[in-house]
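In case you want the letters, here they are:
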Amino acid sequence: MNHLDFEKPIVELERKIDELNALAVDNRILKPEIDKLREKADELRKSIFSNLTRWQRVQLARHPDRPYTLDYIDFIAQDFVELHGDRYAGDDKAIVGGLCQVDGETWMVIGHQKGRDTKERQYRNFGMANPEGYRKALRLMKIAEKYGLPVVTLLDTPGAFPGLEAEERGQAEAIARNLKEMATLRVPIVSVVIGEGASGGAIGIGMGNEVYMMENTWYSVISPESCSSILWKTWDYKEQAASALRLTAADLMALKVIDGVVAEPLGGAHRDPSAAAAALKAAVVEGLKRLRKLKPAQLVEQRVEKYASMGAWIRVDAKGRQKLEGGSAGAVNPGGGA
């Protein structure tokens, strides 16, 4: 398993425990010492992961062992049938989607897919979709709408592919059209950030009635590195940028941008993928249960109102008095004033 820098103290203790287990001729002799080390490792793990910085959560979101869309589908769904192609240009491997059964119900699941090794990462374009990926996703959403099926989208991308060929084929138009069409889709949409949620690349399939984030993920208009390069002309200030962007699940919950945080196993989703998948499934099932009570027109109205109410702004009256307003005004300024 790969380990991050801040996990090294835990890794050292785990290595000592493994060495003692391998050396023990009679487990009764070294068992007390091993138990002490395990207890110490557990306490250290809780201490580290309960005090993570925003940048450390960004690192966890990018962990190479973290479950991806197809991993979650394998854990929670049965009879997954992947659907390919946008019927215009081709089949983008950075976005996968198809029909599946979850506890006897049919879902249309769509998500970004990264790769585990160099060959697969190139095949999946590192999870960065081209226009045909977003058009494929929209085609699948329209199929779901036709048959009255809920749409579940899993977001995990460093951004939409910024290449010249993507722009030539209408990258911005494809994302914008998805936003327009998703806003008026007459079936429930639940979106979950399972890793990285970068800019239009993520929201291009992420306009849901309910939006959740896994505990150790990030969701922002820009990555910390890109933000740092713009403001400081170098990537060296990425940690400060991450803090300023307020891009973690806890931050966005406080800002009322998302509807819930899906708890991960201690140490991150990669430490126990099956437990992480169970938590994800529970959140989506509960969300769909609520949304199924709404009629199609109500689903559209709720979705449009949800996004229209985001943000905060200052209104100045005729006497020059200022007042902070908007759906997130309370989160930005709990006192309610400017």
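Source: prediction; values computed, not measured.

Asker: How would you explain the layout of surface pockets if you had to name every residue and give the values?
Answerer: What the largest pocket holds in volume is close to 350 Å³. Along the wall of the largest pocket there are 15 residues; nearest its centre are Tyr 219, Ser 220, Val 221, Leu 252 and Val 257. Looking at the lining of the largest pocket, the elements with two or more residues in it are helix H9 (199–203), strand S7 (218–220), helix H11 (238–245) and helix H14 (296–308). Take the lining of the largest pocket: its biggest share by element is three residues, from H9.

Asker: I'd love a proper account of the packing of helix H4 (residues 69–76) against helix H13 (residues 273–291), names of residues and values included.
Answerer: Running from amino to carboxyl end, H4 crosses H13 at an angle of 80°, the nearest separation of the two axes being 9 Å. If you check the angle between H4 and H13, you find them roughly perpendicular. Mapping the contact onto sequence places Tyr 72, Phe 75 and Ile 76 in H4 and Pro 273, Ser 274, Ala 276, Ala 277, Leu 280 and Lys 281 in H13. Taken together, the residues of the contact of H4 with H13 break down into seven nonpolar, one polar and one charged.

Asker: Lay out unusual backbone geometry with the relevant residues and their values.
Answerer: Although it is not a glycine, Asp 79 adopts a positive phi angle of roughly 55°. Structurally, Asp 79 is set in strand S1 (residues 78–82). Of note in this structure, Lys 233 is not a glycine but carries a positive phi near 60°. Mapped onto the elements of the fold, Lys 233 is located in the loop between helix H10 (224–232) and H11.

Asker: Kindly report on the nonpolar core, identifying the contributing residues and their values.
Answerer: If you look at the biggest cluster of nonpolar residues, it comprises 32 residues, and the most contacted ones within it are Ile 110, Met 141, Val 151, Ile 205 and Tyr 219. Only strand S3 (105–112), helix H6 (131–146), strand S4 (151–157), helix H8 (171–183), strand S5 (189–198), strand S6 (210–214) and helix H12 (249–254) provide two or more residues apiece to this core. In this structure Ile 110 touches Ile 95, Val 96, Gly 97, Ala 137, Leu 140, Met 141, Val 151, Val 152, Thr 153, Leu 154 and Ile 205, once residues within four positions along its chain are discounted. Core analysis: the second largest hydrophobic core is formed by 27 residues, Trp 107, Ile 194, Ala 276 and Val 284 among them.

Asker: Residues and numbers for the pattern of salt bridges, please.
Answerer: Inspection of the entire model under this criterion finds 25 salt bridges. With its nearest N and O atoms 2.7 Å apart, the salt bridge here joins Arg 116 to Asp 71. Taken as a pair, Arg 116 in the loop between S3 and helix H5 (118–123) and Asp 71 in helix H4 lie far apart in primary sequence, 45 residues in all. Under the relative-accessibility criterion, Arg 116 is labelled partly exposed at 31%. A relative accessible area of 25% places Asp 71 in the partly exposed class. We note a salt bridge from Arg 292 to Glu 105, for which the minimum N-O separation is 2.7 Å. Remark: Glu 105 occurs in strand S3 and Arg 292 occurs in the loop between H13 and H14; sequence separation between them is 187 residues. Overall, the relative accessible area of 35% leaves Glu 105 in the partly exposed class.

Definitions and cut-offs
- Residues numbered from 1 in each chain as written.
- Predicted model: local features only at pLDDT ≥ 70, side-chain atom pairs only at ≥ 80, totals over all residues.
- Heavy atoms only, no water.
- 1 Å grid on protein atoms, 1.4 Å probe; cavity = no way out; pocket = protein on both sides within 12 Å on 5 of 7 lines; lining within 4 Å.
- Points joined across faces, edges and corners; volume = space filled by probe spheres on them.
- Helix = DSSP H or I, 4+ residues; strand = E, 2+ residues; numbered from the N terminus.
- Axes fitted to C-alpha atoms, helices over the stretch in contact; angles between N-to-C directions.
- Parallel < 35°, antiparallel > 145°, perpendicular 65-115°, else oblique.
- Contact = heavy atoms within 4.5 Å.
- Nonpolar A, V, L, I, M, F, W, Y, C, P; charged D, E, K, R; others polar.
- Core = buried A, V, L, I, M, F, W, Y, C linked by side-chain atoms within 4.5 Å.
- Buried < 20%, exposed > 50% of the residue type's maximum accessible area, 1.4 Å probe, protein only.
- Salt bridge = Lys/Arg side-chain N within 4 Å of Asp/Glu carboxyl O.

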